[in-house]
Amino acid sequence: MPDLSTTYLGLQLKNPLVPSSSPLTRRLDALRKMEDAGAAAVVLYSLFEEQAILESHLMDLYLSQGTESFAESLTYLPEAQDYRTGPEEYLEHLFKAKQALGIPVIASLNGYSPGGWVRYAKEMEQAGADALELNTYFLATDPNMTGRAVEDMYIQLLTDIKATVKIPVSVKLSPFFSSLPNMALRLAKAGARGLVLFNRFYQPDIDIEMLDVVPHLVLSNSDDLRLPLRWIAVLYGKLEADLALTSGVHTTADVVKGLLAGATVTMLASELLQNGVGRIAEILAELDRWLVEHEYESVAQLEGSMSLQSVANPAAYERANYMRVLSSYAPAA
Amino acid sequence: MSETAREMLTLDGNEAVARVAYKLSEVIAIYPITPSTPMGEWADQWMAEQQPNLWGVVPSVVEMQSEGGAAGAVHGALQTGSLCTTFTASQGLMLMLPNMHKIAGELTATVFHIAARSLAAQGLSIFGDHSDVMAARNTGWAMLASNSVQEAQDFALIAHAATLKARVPCLHFFEGYRVSHEINKIETLTDDDLRAMIDPEAVSAHRARGLNPEHPVMRGTAQNPDVYFQARETVNPYYAAMPGIVQATMDKFAALTGRRYQLYEYVGAPDAERVIVVMGSGAETVAETAQFLRQQGEKVGVLKVRLFRPFAAAQFARALPATVKTIAVLDRCKEPGSAGEPLYLDVVAALHEAWEGPMPTVIGGRYGLSSKEFTPAMAKAVFDELEKAWLDGQPARRHFTVGIKDDVSGLSLDYDPAFSIESPDTIRAMFYGLGADGTVGANKNSIKIIGEDTPNYAQGYFVYDSKKSGSMTVSHLRFGPRPIHAPYLVEAANFVACHQFSFLERFDVLKYAVPGAVFLLNSPFGPDEVWNHLPRSVQQQIIDKRLRFYVIDALKVAREAGMGGRINTTMQVCFFAISGVLPKDEAIAAIKNSIRKTYGKRGEAVVQKNFAAVDAALEHLHAVKVPAEVTSLIERRAVVAENAPEFVKKVTAPMMAGLGDELPVSALPADGTYPTGTTQWEKRNIASEIPVWDPAICIQCGKCAYVCPHGVIREKVYEPVLLDRAPESFKRAAARFKEFKDLAYTLQVAPEDCTGCGLCVEACPVKNKTQIKLKAINMAPQLPLREQERANWEFFQTLPEVDRTVIPLNSVKYSQLLQPLFEFSGACAGCGETPYLKLLSQLFGDRALVANATGCSSIYGGNLPTTPWAKNRDGRGPAWSNSLFEDNAEFGYGMRLAVDHQRATATQLLNELRDTVGAELADALLTAEQKDEAGLRAQRERVAQLKRRLAALNGKGSAAAQRLLDLADVFVRRSVWIVGGDGWAYDIGYGGLDHVLAAGRKVNVLVLDTEVYSNTGGQMSKATPRAAVAKFAAAGKPMPKKDLALLAVSYGHIYVARVAMGADDEQAVKALAEAEAYDGPSLIVAYAHCIAHGYDLKYGLSQQKLAVQSGYWPLFRYNPALKAEGKNPFQLDSKAPSVSVDKYMYNEGRFSMLVQSHPDEAQRLLEQAQADVNTRWATYERLARGE
């Protein structure tokens, strides 16, 4: 039987399948099912500091609105002894997940203020997180803000957090850097033990009937694998950080591709949302079969064996790939 | 409550009492009623927090459907051997009376705590006096009066301890608002104190008397003439013992705490010749005044009555100084037609029986009804009256009033308002704030800081106006080194803060500033420019009184700190900085500590924004160099326009200006009858932004006007020629109505009446094609538009109203051409109830009788000074009345019975006078269908003709002719509407509503369903949905909402509709029209978003949509008339649920708060709520299929 184990962020994992941050991870029963299905670790949903702040302000609004204005109704809602505003709910969930699961639990954080990032990171560590995934995404809309300034901001943030916590930290990236390898290198040098490629965002859409801008999230499919696949292949071996592939992992073939390109772990979300947590067990079984059929002894053998530095034709990952696709496109007559 | 250590805390009377009552009870049955509601809320909250009582068990706190229900539950629990209490006031106490007789008759130990309040008579009042408790004086209960917050706490314990010993139940009362809501620094009691006072053997005996099938007895027998009388006399020894037991309990309490009380406590000169006997907080005023007068050498004193029942004549007489010659007994109630008010009569009787020596002259006076101020000046006037009585040898008058000017009966005493006994070492401060700006909350925190962080004593009392939105609050604070016994408002302030610049134009905020006082103004103008923006009278007072004048742009500070319009924190810092009550750094540290305590659990972000406001405050605070001369040309605005009716000018306007106390008795109607349509004269200008119409893109759908809660958006179609006289800025467009193709159309906003809620913009379906963020109606700052739009509004009003006979009324678009006869109410900005009432008034207002249950709709609908129900140009409009809370269906039913009977009588008379008035006219009058506006107009013309013919008889006709003339109006079809909230319809009034609907008469019931008791601050009703947080359901309501509509459907003969105008506006207007047209009873249950739901009401309409889309609020109409056509009467008007119920629920604080406070319970209840929705939808679908 092939050895499926791997190491990610210094954590010993029994296989390379890790459910990534998704609404499924909000439920303890779903987390248990993931573990039962064979997940090697789990990344919890993200704590959004901005949302926590908003909830706090909303709570204040609910409890203050209309109060002390009219003699008969000085307040309108009862005050509870305590509310879980801010990170409490998340930290409690993280704590419970740690209690319930034997596999590593990776907390995910999307900060809003420098103080918030650091404070919440510390609190996640204290709540028992085995590692921390920083869900960074800053959408620069100010034309005066340079790319370098955005990059420096990420580096500073990571540096601050690394100075605060002892658990390993990974950074989940967007693909939108002029030089992704350089950014990846800087992050690795600043202490990122892993890079997660790539973040998947809500993208706005326009409702042409209602003339509204509406948020839109499309679940991934296997075609979406290509973008992270390429960049993992490019980055593999060039920096001191593990690479995790997320976006587009749906099948055993996708997992194998990710490993071949250089990923240490492959992460699943859309597949589990669409077809259930049981898919982990199916993919693992198929992975096992594939390794046997293809006479691999371990996933370690696969890892990076088709990265940019390991393939005969590295240009396939570079510009030529683009050229070939373009030249192979023939419009219908 | 601490186990062992007494603390000095600043809290209000309700909390002080509830702390004790909760600790000493096992079963607490409650029902909300102002001003006692907070006691129940505290009890419920402590139960939710699992706080134990004195015996280590969490009491059962249950909300009942009425005060009658609460009393019944308490009675049952008492009979089963539990320790019980309840809290109530006013009409609530009236509903408890039957049970109270029983409880006393069965010699059952319990205490009811009463925040004593006026009873509704010529008008309802929520404020304090003794009317309610005096109506309970024959129930056989002991009655114990406490005069202050400290006493309210202490007497709560004394009452519980004494009743257990004596077996006589005890009514412990204290004045609503003056004591229930006053915040004062008191020494609290500990668990050990309570334990020391409560006799465990008495508790065991109480328990042993409980019903128990192990040793059964029976109570509640029916007794007959042979024994009832004797049995009634058996209790005499218990009543005879009660005063002694209460005094012994007071003595034990004194030994424990050092606070000594007497049943009848005399304070004053030992050789006093003039004594005032008084009960309640007024006794403190009299005592302080007597103390002051004694220092001037006057022989005066006060006898405080603590125990009113049983009235212990001998002890009372002994408490008076033997030297007394004249006595004034003050009653805080009125008993019309009696020989005297209750305390007066008891005093006279007691003296007659127990006084030894020359009988003093006794006179009786009324004071302080409905929290009318009772000041030292008034107390002095009473002492002066006694002087006159004594000097003359007999009383000038046996009965008097004080505190008002009675120019009808001549009973009132004159007093010198300038007389003041304020202690020089007490600092007195007044703060004028806007309801929404947080002023009161900040002042409550300030009192706590002063009371608990300094050795000072502190007192706070808060006055609110009659409006729910844009209201003014006035905070009265006192603090100083000695305990503060001043149960009256500040009238000589060392510190005056005006938190809203616009108040300077409307109110005399410096009236009570003493010379040399500080004046702090929140001003958009800086220290160098503010002077020229002040009204002339303000400048004059600043100069004349040599005020120290400071300004701060608190709104700017607050906004920059992320606080929006809440300037509370900023102004609080300024108060501490200027007043110097604490060193600056200590004050700021204390404020921050208080902020963390108050807001900490709402999240760090909230704490930090408050801190930011604190930190920024002082650098924006500036002293103003006051010029020597008055320079302003700005005069205070006239309260009402010149063309206002005489009554409005003479009576309403002073009330609006805050001068209602100065109105004499003769100014007021004797029977509570007031003119309608008075809100139009009160230009409140409370909106910072108002809607602005864009005629270029408007499709004239009427939706903005339809949803406007305040009736400020109006539409008219008119002949274009009328525009010749229009102001230049008056907007118009070509009418887009097929009936009015050649007419012009205008949508006009009443700029000074708008509250700025923004619902209109949300409702507008049109988007500007070049700038999507703009609609056909958009919000813009009010101030730059005010003058222009005021002129436009005035012109708009001169345009003719639409001819009601030429348009269909049952559509949104057309209905909004009709004049609303409900306008400019003081409801919350964005209220979800008022649009339905406005629509009702548009469709049927000119022939409507409205019975309005007590609640929000009766308050914004009928609270003086101005009321929104209005008249049209013909002088017709809704005739409105409020009876009570519980009886509204019956009240409206009575209106229907009267109308029907009058119609029958008029019909009979018309038949008799057929020849006199003309057969053709008589037949037409009797057979007119009046199914539409044309028919109604024709009938009105016939009635006018009938009246002319009858009047032409000129008194020479028969008596029948005169009687017919009296009743002729009834030939025009009346529309009887029974209106109220869910607290009435689902709970307290449900029995009556059910009966009236079942009875089959033609009444229309409109239930404005906010799913909580909105008016009293959001308590759970049976309309509250599962999983919602509400008061009395702090941990989420575990049970589902009652389906009132479906219950009514089950009868089969009632027209029933569930509507939500934000979800389907056309369905709502159709339902109202069909209900009114249906020849039988109708019930419309209308979804009304509410401030108690915990979100910005601007989004009320979209929440209504989600409520329907999720299946939470399915829309339907059940029209029994369809049966005759062979159709299914049940029409489901909404589609199958398309979103899960959480998508609706979690946009609202009432649901989402539970996720944050009780996450596991929230999840459990959410799942059940979804199941509720699914089940209800399945039921409705079956009905819609005719199954």
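The shown structure was predicted, so the numbers you read here are calculated from the model rather than taken from an experiment. (Residues numbered from 1 in each chain as written. Chains lettered and ligands numbered in written order. Predicted model: local features only at pLDDT ≥ 70, side-chain atom pairs only at ≥ 80, totals over all residues.)

A. Summary view of the overall build of chain B. Of regular secondary structure, chain B possesses 41 helices and 38 strands. The C-alpha radius of gyration computed for chain B amounts to 32 Å, which stays within 12% of the reference 32 Å derived for 1187 residues, consistent with globular compactness. Across its three principal directions, the C-alpha atoms of chain B cover 90 × 85 × 75 Å. Looking at chain B as a whole, 56% of its 1187 residues qualify as buried. Pairs at least 24 apart in sequence give 77% of the contacts found in chain B among residues at least 6 apart. (Helix = DSSP H or I, 4+ residues; strand = E, 2+ residues; numbered from the N terminus. Rg over C-alpha atoms; globule rule 2.2 N^0.38 Å. Buried ≥ 20, exposed ≤ 12 C-beta atoms within 10 Å, placed from the backbone. Contact = placed C-beta atoms within 7 Å.)

B. Examining the nonpolar core more closely. Residues Ile276(B), Val382(B), Val496(B), Phe519(B) and Ile1084(B) are the most contacted members of the largest nonpolar core, which totals 344 residues. Top contributing element to this core by residue count: helix H6 (residues 149-166) of chain B, with 11 residues. If we skip the residues at most four places from it in the chain, Ile1084(B) touches Val1005(B), Leu1006(B), Val1007(B), Ala1057(B), Val1059(B), Ala1071(B), Leu1072(B) and Ala1075(B). One finds Tyr120(A), Leu187(A), Ala233(A) and Ala244(A) within the second-largest nonpolar core, a separate group that totals 85 residues. (Core = buried A, V, L, I, M, F, W, Y, C linked by C-beta atoms within 7 Å.)

C. Representation of helix H32 (residues 933-952) of chain B within the structure. All names here are of chain B. In this model H32 runs 28 Å from its N-terminal to its C-terminal C-alpha over 20 residues, within 8% of the 28 Å that 1.5 Å per residue would give. Among the residues making up H32, those that are buried are Leu 936, Arg 942, Leu 946 and Leu 950. The arc that holds the buried residues of H32, viewed along the axis, is 120 degrees, so those residues lie on one side. Within H32, the exposed residues directed more than 90 degrees away from the buried face are Glu 941, Ala 944, Arg 948 and Ala 952. The secondary structure elements touched by the buried residues of H32 are helix H30 (914-917), helix H31 (919-927) and helix H33 (959-967). Looking one or two residues past H32, Asn 954 carries a phi angle of roughly 55 degrees, positive in sign. (Expected span 1.5 Å × (residues − 1). Arc of directions from axis to C-beta.)

D. Representation of the sheet that holds strand E23 (residues 621-623) of chain B. Residues and elements named next belong to chain B. Sheet architecture is open: 9 strands sit in the order E1-E8-E18-E19-E17-E20-E21-E22-E23, paired in mixed fashion. The sheet is open, and its two edges are formed by strand E1 (8-12) and E23, each paired on a single side. The average angle at which neighbouring strand axes cross in this sheet is 20 degrees, direction not considered. Bridge analysis of E1 against strand E8 (residues 183-187) gives 5 bridges, and the strand direction is antiparallel. In the strand pairing of E8, Asp 12 is matched with Ile 183. Of the strands in this sheet, E1, E8, strand E17 (427-434), strand E18 (457-464) and strand E19 (472-480) touch helix H15 (residues 439-453), which is tilted by about 10 degrees from E19. (Pairing = 2+ DSSP bridges. Axes fitted to C-alpha atoms, helices over the stretch in contact; angles between N-to-C directions.)

E. Unusual backbone geometry, seen in detail. In this chain, Arg309(B) is followed by Pro310(B) through a cis amide linkage whose omega measures -10 degrees. Within the element layout of this structure, Pro310(B) appears in the loop between strand E12 (307-309) and helix H12 (313-319). Put simply, Leu864(B) and Pro865(B) share a cis peptide bond, and its omega is 10 degrees. Tracing the sequence through the fold places Pro865(B) in the loop between helix H28 (856-862) and strand E30 (879-881). Phi angles above zero are rare outside glycine, and Leu9(A) is one such case at about 60 degrees. Note on placement: Leu9(A) falls in the loop between strand E1 (6-8) and strand E2 (11-13). Overall, the presence of 24 C-beta atoms within 10 Å leaves Leu9(A) in the buried class.

F. Layout of helix H8 (residues 252-261) of chain A. All names here are of chain A. Along H8, 8 of the 10 residues are buried, which leaves the element largely enclosed by surrounding structure. Those residues of H8 not exposed but buried are Asp 254, Val 255, Val 256, Lys 257, Gly 258, Leu 259, Leu 260 and Ala 261. Of the surrounding elements, those touching the buried residues of H8 are strand E3 (17-19), helix H7 (226-235), strand E11 (242-245), strand E12 (265-268), helix H10 (279-293) and helix H11 (299-302). Gly 262 sits one or two positions beyond H8 and adopts a positive phi of about 135 degrees.

G. Spotlight on the interface of chain B and chain A. The interface is formed by 39 residues belonging to chain B together with 31 residues belonging to chain A. Listed by contribution, the elements that provide at least two residues to the side of chain B that touches chain A are helix H2 (37-48), H15, helix H21 (604-617) and helix H40 (1149-1157) of chain B. Top element by residues in the side of chain B that touches chain A is H40(B). It accounts for 5 residues.

H. Quick peek at the environment of Tyr228(B). Looking at the secondary structure, you find Tyr228(B) in helix H9 (residues 228-233). Counting along the chain gives 699 residues from Tyr228(B) to Thr927(B), while the straight-line C-alpha distance between them is 59 Å.

I. Structural detail: the confidence of the model for chain B. Counting all residues, the mean pLDDT for chain B is 96, and 99% of those residues have values of 70 or more. With pTM at 0.93, the complex prediction returns an ipTM value of 0.93. (pLDDT = per-residue confidence, 0-100.)

J. Local environment of the packing of H15(B) against helix H19 (residues 568-579) of chain B. Residue and element names in this part refer to chain B. Remark: H15 packs on H19, axes separated minimally by 8 Å, with the N-to-C direction vectors making an angle of 45 degrees. The orientation of H15 with respect to H19, classified from their angle, is oblique. Crossing geometry of H15 relative to H19 is assigned as right-handed. Contact with H15, carried on its side by Thr 439, Gly 441, Ala 442, Asn 445 and Ser 446, involves Asn 568, Thr 569, Met 571, Gln 572 and Phe 575 of H19 and no other residues of that element. For the contact of H15 with H19, a count of residues per class yields 3 nonpolar, 7 polar and no charged. (Parallel < 35°, antiparallel > 145°, perpendicular 65-115°, else oblique. Left-handed = near helix turned anticlockwise from the far one by under 90°. Nonpolar A, V, L, I, M, F, W, Y, C, P; charged D, E, K, R; others polar.)

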